[in-house]
Amino acid sequence: MTAQELWTALAEKLKMIIDSDSYSIWIPQIKPVEATRETLTLSVDNDFAQTWIMENYVPLMTQVLSAVLPQEKRTILITVDSSNAEPLPPPASPPVPEKDQTERHHQKKGKPRCIGTLNENFTFDEFVVGPSNSWAHAAALAVAQKPGRAYNPLFIYGDTGIGKTHLMQAVGNRILEKPGTTVAYVSTESLLNEYVNAIKNHSDLDFRNKYRGVDVLLIDDIQFMASKPGMQEEFFNTFNALYFAKKQIIITSDRPPSEIAGLEQRLVSRFNAGMTTQMECPNFETRLAILRYKQSSMPVPLSDEIQTFIAENVTSNVRALEGAMNRAMALRDFNTEGPLTIERLRYVLRDLLEKEKEGDLTLDVIKKTVAEFFNVKLTDLLAADRMRSVAIPRQIAMYLSRRLTHASLHEIGAAFEKTNGTVVHACKQIQGRLPIEADLRSNVRAIISKLGQDPAIIDSK
């Protein structure tokens, strides 16, 4: 059998096994390349698809292929062939007189357009990849290679200052290298202001046309759209117009779609239909790599000892890490008291280091504090008991673990011996009930105070 025949037979079997949504996302993009007696080689368009399919579908494919041809044993190989990626179509434009066609074609071919401002330093080359952001980076790179067709929408979430905007704008900058493309970047706050002004000035049509005629729409901090039904209605329609025209949408948030209280379910559903990926706080090795990369362009870099000290002690986010690096360089360059030492740097960074220390809560501390507050056994928080006297403290503990630490859903789920879905459900339950249940709100605020944090954190979405 040829590679095409083998793949056709295999794909038909997979269609009966894999759920329709997953099948439609991953399987059609696979192309047969070569079949030998030992191997079946298939190709995809980008590295991210290769990794995902190898980890999630190749074992199943191998089993199915053995069932189709029981007398033969073939290894399935997944390769990358970016030449199969479809080019980005030019943005839609109104008809123009025939005499202007040549000039318009030349303009579209040679001049990409950006609505909003992209930071020219936010590129893939300037982004340091580590375990905390490798999946998000791979997904963003895949989108840049095949916008509107790889993963749409791409939803990137994570805490403040860890590089979400950098990664999103890196996609925009890469796509703007293609002739005739239009990329729009806007924060949700700015979008809201534009929408209000459009209503006030009766210029709704101009507002809609501005964002519905682009090839790529980059929206930052979508969580600020929560509980604003008018804006959500307008964005829902814009989203649909772009999505069905196969235009790329990239969204960032500080939490996954299902945890944004006040966001309409139809928007949550559309966000989840694409690729949702998390960026976490970088580990020590990644923090040190970031410092070394940024110092590599400096005439006189900080010493390895100083860089290691900063990487070990500034752990919350990349923005704080860069701030500490800049303060260290200023102290070294403008101080006449001699060489920069760890002791002097520790004193200069004392406010930042104290803040880092205050934010260094562990999941174990949160579990213990919640258990003591409600007078339940710590083991009960890990059990399957659904009695209200245990279920509510457990949900509160999960909610606080999510709000007060940088732990991922997987880490919190593992700490409570629960699934990621259970953690998400607990967080949504508590977040939704806090504004309307005074006793619950009072208890949660009291626990936050016991943990040494500001209770006002629950007032922010």
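Starting afresh in each chain, residues are numbered from 1 along the sequence in its written order. Where totals are concerned, whole chains, interfaces and linings use all residues; where local detail is concerned, this predicted model gives features only for residues with pLDDT of at least 70, and gives and counts side-chain atom pairs only at 80 or more. Values reported for side chains reflect all heavy atoms of the structure, with hydrogen atoms and water molecules removed beforehand.

### Remarks on empty space enclosed by the protein
- The method works on a 1 Å grid over the protein atoms by themselves. A cavity is a set of points holding a 1.4 Å probe that cannot get out, a pocket is an open set with protein on both sides within 12 Å along at least five of seven lines, and residues with an atom within 4 Å of a point line them. Grid points are joined across faces, edges and corners, and a volume is the space filled by probe spheres set on the points. As enumerated under the stated definition, the model contains one cavity of 30 Å³ or more in all.
- As a volume, the largest cavity reaches approximately 60 Å³.
- Around the largest cavity, the lining residues are Leu191, Phe207, Arg208, Tyr211, Leu217, Ile219, Met231, Glu234, Phe235 and Thr238.
- Every helix listed is a DSSP run of H or I at least four residues long, and every strand listed is a run of E at least two residues long, numbered separately from the N terminus. Broken down by element, the lining of the largest cavity gets its largest block of residues, four residues, from helix 10 (residues 229–244).
- Class assignment for the residues of the lining of the largest cavity results in seven nonpolar, one polar and two charged. When residues are grouped by polarity, Ala, Val, Leu, Ile, Met, Phe, Trp, Tyr, Cys and Pro land in nonpolar, Asp, Glu, Lys and Arg in charged, and all others, Gly among them, in polar.

### Points about the pattern of salt bridges
- We define a salt bridge as a contact between a side-chain nitrogen of Lys or Arg and a carboxyl oxygen of Asp or Glu at a distance within 4 Å. For the structure on display, the rule yields 14 salt bridges.
- Linking Glu194 and Lys210 is a salt bridge whose minimum nitrogen-to-oxygen distance equals 3.0 Å. Taken together, the positions of Glu194 in helix 8 (residues 188–200) and Lys210 in helix 9 (residues 204–212) put the pair 16 residues apart, joining distant regions of the chain.
- Of the charged contacts, one joins Glu437 and Arg433 as a salt bridge, the two residues approaching to 2.8 Å between their closest N and O atoms.
- Each member of the salt-bridge network shares a partner with another, and the members are Arg208, Arg212 and Glu234.

### Description of the packing of aromatic side chains
- Between rings of Phe, Tyr and Trp, where Trp is taken as its six-membered ring, a pair exists when centres lie within 6.5 Å; planes separated by under 30 degrees are stacked, by over 60 edge-to-face, and by other angles tilted. With the rule as written, the count across this model stands at nine aromatic pairs.
- When the ring of Tyr243 is compared with that of Phe244, the centres are 5.4 Å apart and the planes differ by 80°; the resulting orientation is edge-to-face.
- In this structure, Arg350 packs its charged tip against the face of Tyr347, placed 4.0 Å from the ring centre.
- In our convention, an over-ring charge means Lys NZ or Arg CZ found within 6 Å of a ring centre and within 35 degrees of that ring's normal. Note that Lys367 overlies the ring of Phe416, its terminal NZ or CZ placed 5.6 Å from the centroid.

### Focus on the sheet that holds strand 8 (residues 248–253)
- The sheet built from six strands is open, its strands ordered 4-6-7-8-5-9 with parallel pairing. Where the open sheet ends on each side, the last strands, each with one partner, are strand 4 (113–115) and strand 9 (275–278). When strand polarity is set aside, the average angle formed by the axes of neighbouring strands in this sheet is 15°.
- Between any two strands, pairing holds if DSSP finds at least two bridges. Relative to strand 9, strand 5 (residues 154–157) is paired through four bridges, and the arrangement is parallel. The residue bridging Ile156 from the neighbouring strand is Thr277, located in strand 9.
- We call two residues contacting when some pair of their heavy atoms lies within 4.5 Å. To get an axis, fit a line to the C-alpha atoms, keeping to the stretch in contact for a helix; angles then go from 0 to 180 degrees between the N-to-C directions. Packed on one face of the sheet, helix 8 meets strand 6 (182–187) and strand 7 (216–220) and runs near 95° to strand 6.

### Quick word on the side chain of Lys146
- Take Lys146: it is sitting in the loop between helix 6 (134–145) and strand 5.
- Throughout this description, buried means an accessible area under 20% of the type-specific maximum (1.4 Å probe, protein chains only), exposed means over 50%, and partly exposed covers the range between. For Lys146, a relative accessible area of 9% corresponds to the buried category.
- A distance of 2.6 Å separates a polar atom in the side chain of Lys146 from a polar atom in the side chain of Asp45. Each polar contact in these results corresponds to two N or O atoms within 3.5 Å; when the atoms are within protein, one needs to be able to donate a hydrogen and the other to accept it, and residues that are neighboring in sequence are counted only if both atoms are side-chain atoms.

### What about the pairing of strand 1 (residues 31–35)?
- Relative to strand 2 (residues 39–44), strand 1 is paired through four bridges, and the arrangement is antiparallel. Bridge assignment links Lys31 to a residue of strand 2, and that residue is Ser43.

### Remarks on the state of the cysteines
- Whenever a pair of cysteine sulfur atoms sits within 2.5 Å, that pair is classed as a disulfide. Counted by the stated rule, this structure contains zero disulfides.
- Not engaged in a disulfide, the cysteine Cys281 finds its nearest cysteine sulfur in Cys427; these two sulfurs lie 16 Å apart.
- Residue classification places Cys281 among the buried positions, given a relative accessible area of 17%.

### Here's the deal with the environment of Leu381
- Structurally, Leu381 is set in the loop between helix 17 (363–374) and helix 18 (388–404).
- Between the C-alpha atom of Leu381 and that of Val370, which follows or precedes it by eleven residues, the distance is 9.2 Å.
- Setting aside chain neighbours within four positions, we find Leu381 in contact with Lys367, Ala371, Val376, Val390, Pro393, Arg394, Phe416 and Lys418.

### Quick look at the layout of surface pockets
- Empty space within the second largest pocket amounts to approximately 1,200 Å³.
- For the second largest pocket, the lining is made up of 42 residues, of which Ile25, Tyr151, Ala273, Gly274 and Met275 are closest to its centre.
- Broken down by secondary-structure element, the contributors of at least two residues to the lining of the second largest pocket are helix 2 (20–26), helix 3 (47–56), helix 6, helix 10, strand 9, helix 19 (409–415) and helix 20 (420–433).
- When residues in the lining of the second largest pocket are grouped by element, the largest group, five residues, is from helix 2.
- Grouping the amino acids of the lining of the second largest pocket by side-chain chemistry returns 19 nonpolar, 17 polar and six charged.

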